[in-house]
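What follows is the residue order along each chain.
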Amino acid sequence: MAKYTIKVNRGKKDGTLKFNQGAVNVSTKCWWDPKVKIPARTYTGCSATTMRSKKNSKGNPREGIFIPSVPGHKGIFIHMGTSAAWSDGCIVIKEIDLLKIYNAIVPKNGKNTDVIVKDI
Amino acid sequence: MTNFLKQNVGAAIIILLAAAISLTGCRGDSGKEPEVNRTGDDAQFFVNAMLDIKDPQFLSKDSDGIERIDELKVEQKWGDLYNKYEKSAEAGDETGFRYFLFIGFLAYSQHNAELMEAFSSDLMPIYEKDAAKFLEALNELPFLIQSSGYYLDNYFGFEDKNADKKPEFLKNNKPLINDILGPENGILFLDCFN
């Protein structure tokens, strides 16, 4: 089964999220709630999935990358959003970029992705 | 939040244990379970979550063959329960409404980002549908005030929407809040709107 890696480099107010897999190359601005930052570390066993309680711009279940085993937090995803105001702990990127990553990761719910969060 | 938890988690556990015991005790022999039993199963899920009890239905083996809780499946279960009780609350069902607020309390106390973000969007419309009923529930169950107040405050500006509407909300709702919640709970609630 293929393994995937997402790199999140956090600055003070925003950061850069990178994903490279075959023809899919994403490098995009990302945000988070500055009051609720998850610890910087490598998270293994992450999954492309959908969020049951939130909708995307088309009114369907919101696509996301679920990050398990986050110390002190639950329900952490990388999902769509355009500023820190979309987060209460999650990492957010523009929907168009999130969908590129979501579509590239197969199978869904696969626990086949590492998310590396670094403070720079 | 730590003091908040110390003060309120004990009360919440007692309520949930009582709910789980009483509702699962209603299980019938017909094979098909009535709605109330499903609610009892949900209460059991809440108790397990609060007490960090590993529910066997969510155990799975990792790549090293070690049995661990499948956090993704647990989160999906939370999402399903959120949807179930949000619909119930929106439909005006009193039990469903209180369960929905209780899920909000659990999400807040466990820092569940997905659910907290969902409540930040979805709780205000339920409040606005029947503010008096909402506030009466908080007055009867004051351990729900801080989490519910957090979500209602977070509604203003969440996802870059409604950022300018908080002053009007407070102006229009303060009399009802003070009337139903009284001085002590009213201050506790209004303090959430920083």
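On to the overall build of chain A, then. Looking only at helices and strands, chain A features one helix and eight strands. In sequence order, chain A lays out its α and β elements as β-β-β-β-β-β-β-α-β. A compact globule built from 120 residues would reach a C-alpha radius of gyration of about 14 Å, and chain A, at 13 Å, matches this within 12%. Projected onto its principal axes, the C-alpha coordinates of chain A cover approximately 35 × 30 × 25 Å. A buried classification covers 52% of the 120 residues belonging to chain A. Of the contacts made within chain A by residues no fewer than 6 positions apart, 57% connect residues no fewer than 24 positions apart. Accessible area of chain A: about 5400 Å², with a carbon and sulfur share of 52%. Both charge centroids of chain A, one from 21 positive and one from 8 negative side chains, sit 2 Å from each other.

On to the interface of chain B and chain A, then. In this complex, chain B contributes 27 residues to the contact, which on the side of chain A involves 27 residues. Our count for the chain B to chain A interface comes out at four salt bridges. One salt bridge in this structure joins A:Arg62 and B:Glu159, with 3.4 Å as the shortest N-O distance. Applying the counting rule to chain B against chain A returns 23 residue pairs in polar contact (both at pLDDT 80 or more).

Residues and elements named next belong to chain A. The sheet contact formed by strand 1 (residues 4-10) and strand 2 (residues 15-21) spans five bridges and is antiparallel. In the strand pairing of strand 2, Val8 is matched with Leu17. Counting the residues that bridge the hairpin from strand 1 to strand 2 gives four residues. In this structure, strand 2 lies alongside strand 3 (residues 24-32), joined through seven bridges in antiparallel fashion. Bridge assignment links Gln21 to a residue of strand 3, and that residue is Val24.

Each value, and the rule that gives it
Residues numbered from 1 in each chain as written. Chains lettered and ligands numbered in written order. Predicted model: local features only at pLDDT ≥ 70, side-chain atom pairs only at ≥ 80, totals over all residues. Heavy atoms only, no water. Helix = DSSP H or I, 4+ residues; strand = E, 2+ residues; numbered from the N terminus. Rg over C-alpha atoms; globule rule 2.2 N^0.38 Å. Buried < 20%, exposed > 50% of the residue type's maximum accessible area, 1.4 Å probe, protein only. Contact = heavy atoms within 4.5 Å. Areas by Shrake-Rupley, 256 points an atom, 1.4 Å probe, with all protein chains shown as cover. Lys, Arg positive; Asp, Glu negative; His and termini not counted. Charge placed at Lys NZ, Arg CZ, Asp CG, Glu CD. Salt bridge = Lys/Arg side-chain N within 4 Å of Asp/Glu carboxyl O. Polar contact = N/O pair within 3.5 Å; in protein donor to acceptor, adjacent residues only side chain to side chain. Pairing = 2+ DSSP bridges.

Structural measurements only, silent on function.
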